[in-house]
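Now for the letters of each chain:
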Amino acid sequence: MSVDIAQVLEEYGVGPIMPDSHFAGRYYHLQVDYSEWQNYRATVMIAALEELEPAIGAPAVVELMEQVLWRTLKSREAVAAFLRAVFGEAGVNRQKE
């Protein structure tokens, strides 16, 4: 039996996928270090996004989680590109330091 994950997400009310450009630069000012997210452990990423709630609000956190879910269906590269668009290159650069 095959399950269409995209259909399941839509049925559960997950918002539509938006282009990375819709989020570009939105949270650069927070200087989020997402370098630890690069291993794509969902628990680490979810916890880090939840920590942003005081700064950006619960609806924005949910929106980011939804967008990460959609990109997870595409590829790791899609998730990485999204994180760079949202938070800037700082998270990637910190990993190299």
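Residues numbered from 1 in each chain as written. Predicted model: local features only at pLDDT ≥ 70, side-chain atom pairs only at ≥ 80, totals over all residues. Heavy atoms only, no water.

## Observations regarding the overall build of the protein
Scanning the protein from N- to C-terminus turns up six helices and zero strands. Each helix and strand of the protein, placed in order from N terminus to C terminus, yields the pattern α-α-α-α-α-α. Taking all 97 residues of the protein together, the buried fraction comes to 34%. For the protein, the proportion of contacts with a sequence separation of at least 24, taken over those separated by at least 6, is 73%. Total accessible area on the protein stands at roughly 6000 Å², and carbon and sulfur atoms take up 54% of it. (Helix = DSSP H or I, 4+ residues; strand = E, 2+ residues; numbered from the N terminus. Buried < 20%, exposed > 50% of the residue type's maximum accessible area, 1.4 Å probe, protein only. Contact = heavy atoms within 4.5 Å. Areas by Shrake-Rupley, 256 points an atom, 1.4 Å probe, with all protein chains shown as cover.)

## Thoughts on unusual backbone geometry
What is expected of a backbone is that most residues other than glycine have negative phi and most peptide bonds are trans. Even without being glycine, Gln-31 reaches a positive phi, approximately 50°. Considering the arrangement of structural elements, one finds Gln-31 in the loop between α1 (5-11) and α2 (42-51). What makes Gln-31 exposed here is its relative accessible area of 57%.

## Looking at α2
Residues Met-45, Ala-48 and Leu-49 constitute the buried set of α2. Looking straight down α2, one finds its buried side chains confined to an arc of 100°; they lie on one side. For α2, the exposed residues set more than 90 degrees away from the buried face come down to Thr-43 and Glu-51. Packing partners of the buried residues in α2 comprise α3 (53-56), α4 (58-74) and α5 (76-87). (Arc of directions from axis to C-beta.)

## A look at the packing of α4 against α5
Two elements in contact, α4 and α5, have axes separated by 8 Å at closest approach and are oriented at 150°. Between α4 and α5, the crossing angle belongs to the class labelled roughly antiparallel. From α4, Leu-64, Gln-67, Val-68, Arg-71, Thr-72 and Lys-74 reach across to α5, where they touch Ala-78, Val-79, Phe-82, Val-86 and Phe-87. Classifying every residue of the contact of α4 with α5 by side-chain character gives seven nonpolar, two polar and two charged. (Axes fitted to C-alpha atoms, helices over the stretch in contact; angles between N-to-C directions. Parallel < 35°, antiparallel > 145°, perpendicular 65-115°, else oblique. Nonpolar A, V, L, I, M, F, W, Y, C, P; charged D, E, K, R; others polar.)

## Observations regarding the nonpolar core
Core analysis: the largest hydrophobic core is formed by 19 residues, its most contacted members being Trp-37, Leu-49, Leu-64 and Phe-87. Of all the secondary-structure elements, those providing two or more residues to this core are α2, α4 and α5. Top contributing element to this core by residue count: α5, with five residues. With sequence-adjacent residues up to four places away left out, Leu-49 is seen in contact with Trp-37, Val-61, Leu-64, Met-65 and Phe-87. (Core = buried A, V, L, I, M, F, W, Y, C linked by side-chain atoms within 4.5 Å.)

So far we have only geometry, and geometry alone does not tell us how the molecule works.
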